Amino acid sequence: MKESYIKEKIENSIPETSVEITGDGVHFEAVIVSKSFEGLSTLERHKIVYSALGEDMDERIHALSMKTFTPIEHNKGE
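All values reported here derive from a predicted model rather than from experimental measurement. (Residues numbered from 1 in each chain as written. Predicted model: local features only at pLDDT ≥ 70, side-chain atom pairs only at ≥ 80, totals over all residues. Heavy atoms only, no water.)

**Q** Just to check I follow, could you spell out the pattern of salt bridges for this structure?
**A** Close approach of charged atoms allows side chains with opposite charge to pair. In this structure the tally under the stated criterion is five salt bridges. What emerges from the salt-bridge pattern is a single network uniting Lys9, Asp56 and Arg60. (Salt bridge = Lys/Arg side-chain N within 4 Å of Asp/Glu carboxyl O.)

**Q** In this structure, what is going on with the packing of aromatic side chains? I would like to understand it.
**A** Working definition: an aromatic ring pair is given by the centre-to-centre distance plus the angle between the planes. Per the stated rule, a full pass over the model turns up zero aromatic pairs. In this structure, Arg60 is placed above the aromatic ring of Tyr5, and the distance from its NZ or CZ to the ring centre is 5.2 Å. (Phe/Tyr/Trp six-rings, centres within 6.5 Å; stacked < 30°, edge-to-face > 60°. Lys NZ or Arg CZ within 6 Å of the ring centre and 35° of its normal.)

**Q** I'm lost on the pairing of strand β3 (residues 63-69) in this one. Help?
**A** Along any regular strand, the residues point their side chains to alternate faces of the sheet. The alternating pattern of β3 places Leu64, Met66 and Thr68 on a buried face and Ala63, Ser65, Lys67 and Phe69 on a face that is not buried. Two elements, strand β2 (residues 27-34) and β3, share seven bridges in a ladder whose sense is parallel. When the bridges of β3 are listed, Phe28 appears paired with Leu64. (Buried < 20%, exposed > 50% of the residue type's maximum accessible area, 1.4 Å probe, protein only. Helix = DSSP H or I, 4+ residues; strand = E, 2+ residues; numbered from the N terminus. Pairing = 2+ DSSP bridges.)

**Q** Explain the nonpolar core to me, please; I cannot follow it from the model alone.
**A** Burial of nonpolar side chains together is a common tendency in soluble globular proteins. Grouped together as the largest cluster of nonpolar side chains are 16 residues, with contacts concentrated most on Ile10, Ile32, Val49, Leu53 and Leu64. Of all the secondary structure elements, the ones that give two or more residues to this core are α1 (3-13), β1 (17-23), β2, α2 (42-53) and β3. Leaving out residues up to four positions away in the same chain, Val49 has contacts with Ile10, Ile14, Ile32, Phe37, Leu64, Met66 and Thr68. (Core = buried A, V, L, I, M, F, W, Y, C linked by side-chain atoms within 4.5 Å. Contact = heavy atoms within 4.5 Å.)

Here it is as structure tokens:
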């Protein structure tokens, strides 16, 4: 599993989203910034990402650690 595949899958599934991802082919860490996350809890945001990845989460990705932000939250952290 390549980072680029995960990045593209998330960005293509969730509108107005950008993803930064690192990993070793099995375990991955992602920073995901999306307008779609506005007004949602962390759990709801993660469910959206898991849904975007679908069966890959069960079959090909063994661990995905993610931080999810709205654009405003992400800009405050920089």
